[in-house]
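Listed here are the chains, written in short residue letters.
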Amino acid sequence: MPITTDWMEQRHYQVKGLIFVMVLLFLFITLVMSLIQKPETNLPKAALTNPQPAQKAQDQFTNALDLGITAPGVNWEYTVNEYRFERVIENQFNRVEAESGKKFLIVSITFNNKSNHPLDMRQGIFDFKAHTPKGVFKECEDSDILNIIEDHYRTMRDIHPGKPVVASVIFEIPDNASKPYFEIGCDNFIYELSPQQEQ
């Protein structure tokens, strides 16, 4: 009987010792992991943040197309004819000013339907964007502005193959944004909009 009791006590202490070692090991691993994952807090604040915006940098556009170059996409051929900046756009009925600190970028494009059936030009299918040093901007969605642009591409319906049409897309960008690039995202084309005098 005493031998059995001694053996049970030894076993009890062994189990307790094993649990203690496992707890120490867990605490040690937790401490090591926290030290590995902890950022360097003695760095300058600017070094702790990512200085690069989550957008395409303009210096990546080394193969950008020039104005007047025709680019063949899947369903369309595109030729970017010209662009202009405006602070005010108007027609005989309406007049709209850009928001304070902003201006309009209007891009004129020739679209040629390459398919074998008529196509419409609807919102979203082209994925137009304007890239500037101030950021990336999607096309304008304000109906008051779009209604003034008579040749806006969304008004075009039943574009027949081989019968090109000229239409515009408009952006509202910061007034001090310059050197724009124009992206036709659906076919991955980038046009460099060469410098022009602002109006």
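Here we summarise the structure given alongside this text. (Residues numbered from 1 in each chain as written. Predicted model: local features only at pLDDT ≥ 70, side-chain atom pairs only at ≥ 80, totals over all residues. Heavy atoms only, no water.)

### Describing the overall build of the protein
Of the regular secondary structure elements, the protein holds two helices and ten strands. Walking the protein from its N terminus toward its C terminus, one meets helices and strands in the order α-β-β-β-β-β-β-β-α-β-β-β. For the protein, buried positions account for 35% of its 199 residues. Residue pairs in contact within the protein that sit at least 24 positions apart in sequence constitute 73% of those at least 6 positions apart. Roughly 13400 Å² of accessible area belongs to the protein as shown, and the carbon and sulfur atoms make up 55% of that amount. (Helix = DSSP H or I, 4+ residues; strand = E, 2+ residues; numbered from the N terminus. Buried < 20%, exposed > 50% of the residue type's maximum accessible area, 1.4 Å probe, protein only. Contact = heavy atoms within 4.5 Å. Areas by Shrake-Rupley, 256 points an atom, 1.4 Å probe, with all protein chains shown as cover.)

### A short note on the side chain of Ser168
Summarising the element assignment, Ser168 is placed in strand β8 (residues 165–174). For Ser168, a relative accessible area of 4% gives the class buried. In this structure Ser168 touches Ile106, Val107, Ser108, Ile149, Asp151, His152 and Tyr153, once residues within four positions along its chain are discounted.

### A look at the nonpolar core
In terms of nonpolar packing, the biggest core is built from 30 residues, with Val107, Phe111, Met121, Phe128 and Phe182 touching the most fellow members. For this core, the secondary-structure elements that each account for two or more residues are β2 (76–86), β5 (102–113), β6 (128–132), β8, β9 (181–184) and β10 (189–192). With eleven residues, the next largest nonpolar core counts Ile89, Cys140, Ile145 and Leu146 among its residues. (Core = buried A, V, L, I, M, F, W, Y, C linked by side-chain atoms within 4.5 Å.)

### Topic: the packing of aromatic side chains
Enumeration according to the criterion identifies 13 aromatic pairs in this entry. Considering the side-chain rings of Phe111 and Phe126, the 5.3 Å spacing of their centres and the 50° angle between planes classify their relative orientation as tilted. Of the two residues, Phe111 is situated in strand β5 and Phe126 in the loop between β5 and β6; the sequence distance between them amounts to 15 residues. Like Phe126, Phe111 is buried. Where Phe111 meets Phe128, the ring centres are 6.4 Å apart and the plane angle is 65°; that geometry is what we call edge-to-face. Of this pair, Phe111 sits in strand β5 while Phe128 sits in strand β6, and the two are 17 residues apart along the sequence. The pair formed by Phe111 and Phe128 is uniform in burial state, with each residue classed as buried. Here the aromatic residues Trp76, Tyr78, Phe111, Phe126, Phe128, Tyr153, Phe171, Phe182 and Phe189 are joined through ring pairs into a cluster of three or more. Lying across the ring of Phe85, Lys103 places its NZ or CZ 4.0 Å from the centre. (Phe/Tyr/Trp six-rings, centres within 6.5 Å; stacked < 30°, edge-to-face > 60°. Lys NZ or Arg CZ within 6 Å of the ring centre and 35° of its normal.)

### Considering the sheet that holds strand β1 (residues 70–72)
The strand order β1-β2-β5-β8 describes an open sheet built from four strands, whose pairing is antiparallel. Two strands bound the open sheet, and with one partner strand each, they are β1 and β8. Each adjacent strand pair in this sheet contributes to an overall mean axis angle of 30°, direction not counted. Bridge count for β1 against β2 is three bridges, and the pairing is antiparallel. Its bridge partner being in β2, Pro72 is matched across the sheet by Glu77. (Pairing = 2+ DSSP bridges. Axes fitted to C-alpha atoms, helices over the stretch in contact; angles between N-to-C directions.)

### Comments concerning the pairing of β8
Extensive coverage of β8 is indicated by the burial of nine of its ten residues. Relative to β8, β5 is paired through ten bridges, and the arrangement is antiparallel. Within β8, the residue paired with Leu105 across the bridge is Phe171.

### Concerning the pattern of salt bridges
This model, assessed by the stated rule, comprises eight salt bridges. Two residues, Glu86 and Arg84, come together in a salt bridge whose shortest N-O distance is 3.0 Å. Exposure remark for Arg84: the relative accessible area of 34% places this residue in the partly exposed category. The network of salt bridges with shared partners includes Glu90, Arg95 and Glu97. (Salt bridge = Lys/Arg side-chain N within 4 Å of Asp/Glu carboxyl O.)

So yeah, pure geometry; function would need other evidence.
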